[in-house]
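# Survey of secondary and tertiary structure
What follows is the residue order along each chain.
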Amino acid sequence: MNLLYVTLNPREKLGGLVLLALYLLILPLLSAGWQFLLFMPVLFGLCLWTFWRFLLDSFQVPLVSPWQILGKAVLAALISQLSRVLTNDLIYYFLPGYFLYTDLGPLLYNSAWEWAAPLVRENPVLAAVCLTLFLPVVEELLLRGLLFGHFYRRTPLFGFLLTLTVCTVLRLLPVFGRDPVYLGVCALQYIPMTIYLSWVYVRSDTIAAPMTAHVLINAVSLYILRSYYA
């Protein structure tokens with residue numbers, strides 16, 4: 001199989017590196033409010049402008065059917081939620097001193113929700129657009145299409161590990177500064193999902209597959225989060 005059937009050209013790689021650096025440097029400084037709501041549409045637009053050729057070609061690669069992509073997306077959402085349940089059970093039963101009780105409930109707790117909850121309460125429509133469209137597309141293009149795609153072709157294991165590390169760190173930003181043991185256990189809820197999304201990209205050779213899965217994962221998480229404030 002010709003891994004990552006559609007590859008990035010030099011302009012896309014350079015532009016992607018600039019946008020990735022911008023994303024990694026600015027995102028930790030943003031609060032879940034208007035700063036985020038202004039930043040994400042701009043970054044989303046820049047990503048579409050930078051990767052437009054890559055996106056068009058990727059969605060036209062006839063290696064997997066839309067139904068196969070949807071099936072992988074549904075499985076990714078199930079893996080994501082199951083990982084969260086198991087992680088919280090681990091914390092509750094084996095590290096009770098680190099268990100965090102919140103108004104979001106214990107079983108489906110997601111560390112990223114601490115950051116997103118105010119945004120969802122105050123601006124539900126804008127939050128839905130940013131979290132289920134802008135964020136998944138930006139992260140898949142930058143982290144999977146650029147970062148993972150570049151390194152996997154050279155050293156597959158390093159490509160998986162680097163992408164896993166960056167994705168996990170981004171998800172743990174809302175709880176950074178807490179006990180390292182707690183952070184380590186919380187990281188477990190993102191490891192299966194991140195590895196699976198990278199595997200989906202390898203198996204499908206189109207960014208459309210992990211992108212669709214990421215959109216569905218965030219949509220399910222947003223629905224669960226919104227249910228607590230209905």
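Residues numbered from 1 in each chain as written. Predicted model: local features only at pLDDT ≥ 70, side-chain atom pairs only at ≥ 80, totals over all residues. Heavy atoms only, no water.

### Remarks on the overall build of the protein chain
Stated precisely, the cut-off is as follows: Numbering of helices and strands runs from the N terminus; a helix is a DSSP stretch of H or I covering at least four residues, while a strand is a stretch of E covering at least two. Using a 1.4 Å probe on the protein chains alone, a residue whose accessible area is under 20% of its type maximum counts as buried, one over 50% counts as exposed, and one in between counts as partly exposed. For this analysis, residues touch if any pair of their heavy atoms sits within 4.5 Å. For the area figures, the Shrake-Rupley method with a 1.4 Å probe applies, and any residue is considered shielded solely by the protein chains shown.
Counting its secondary structure elements, the protein chain contains ten helices and zero strands. Secondary structure elements of the protein chain occur, N-terminal to C-terminal, as α-α-α-α-α-α-α-α-α-α. Expressed as a percentage of its 230 residues, the buried residues of the protein chain come to 50%. Across the protein chain, every contact between residues at least 6 apart in sequence was considered, and the portion connecting residues at least 24 apart equals 79%. Of the roughly 10,900 Å² that the protein chain leaves accessible, carbon and sulfur atoms contribute 73%.

### Side note on unusual backbone geometry
Its identity as a non-glycine residue notwithstanding, D205 has a phi of 60 degrees, on the positive side. With relative accessibility at 2%, the residue D205 sits in the buried group.

### Remarks on the packing of aromatic side chains
Let me state the cut-off plainly: The criterion for an aromatic pair is that two Phe, Tyr or Trp rings (for Trp, the six-membered ring) have centres within 6.5 Å, with stacked assigned to planes under 30 degrees apart, edge-to-face to planes over 60 apart and tilted to the rest.
Counted under the stated rule, the structure contains eight aromatic pairs. Measuring from centroid to centroid gives 5.1 Å for F148 and F160, while their planes differ by 75 degrees, and the two rings are edge-to-face. Linking F148 in helix α6 (residues 124-152) with F160 in helix α7 (residues 156-172), this pair joins segments that are twelve residues apart in sequence. Arranged with centres 5.2 Å apart and planes meeting at 75 degrees, the rings of F151 and F158 form a pair that is edge-to-face.

### Concerning helix α3 (residues 52-60)
As a reminder, the rule being used: Of all possible arcs, the one meant is that of the directions from the helix axis to the C-beta atoms.
Within α3, burial applies to F54, L55 and S58. Mapping the buried residues of α3 onto a view down its axis gives an arc of 100 degrees, with all of them on the same face. Among the structural elements, α1 (10-26), α2 (34-50), α6, α9 (191-204) and α10 (208-227) are those in contact with the buried residues of α3.

### Observations concerning the packing of α1 against α2
Rule in force here: Comment: axis = line fitted to C-alpha atoms, over the contacting stretch for helices; angle = value between 0 and 180 degrees taken between N-to-C directions. Reported orientations rely on four angle classes, namely roughly parallel under 35 degrees, roughly antiparallel over 145, roughly perpendicular from 65 to 115, and oblique for the rest. Less than a right angle of anticlockwise turn of the near helix away from the far helix marks a crossing as left-handed, whereas a clockwise turn marks it as right-handed. Note on residue classes: Ala, Val, Leu, Ile, Met, Phe, Trp, Tyr, Cys and Pro are nonpolar, Asp, Glu, Lys and Arg are charged, and everything else, Gly too, is polar.
Two elements in contact, α1 and α2, have axes separated by 10 Å at closest approach and are oriented at 165 degrees. As far as their axial angle goes, α2 and α1 are roughly antiparallel. Between α1 and α2 lies a crossing of left-handed hand. Taken together, the residues of α2 that come into contact with α1 (itself represented by R11, E12, G15, G16, L19, L22, Y23 and I26) are F39, M40, L43, L46, C47, W49 and T50. For the contact of α1 with α2, the per-class residue count stands at ten nonpolar, three polar and two charged.

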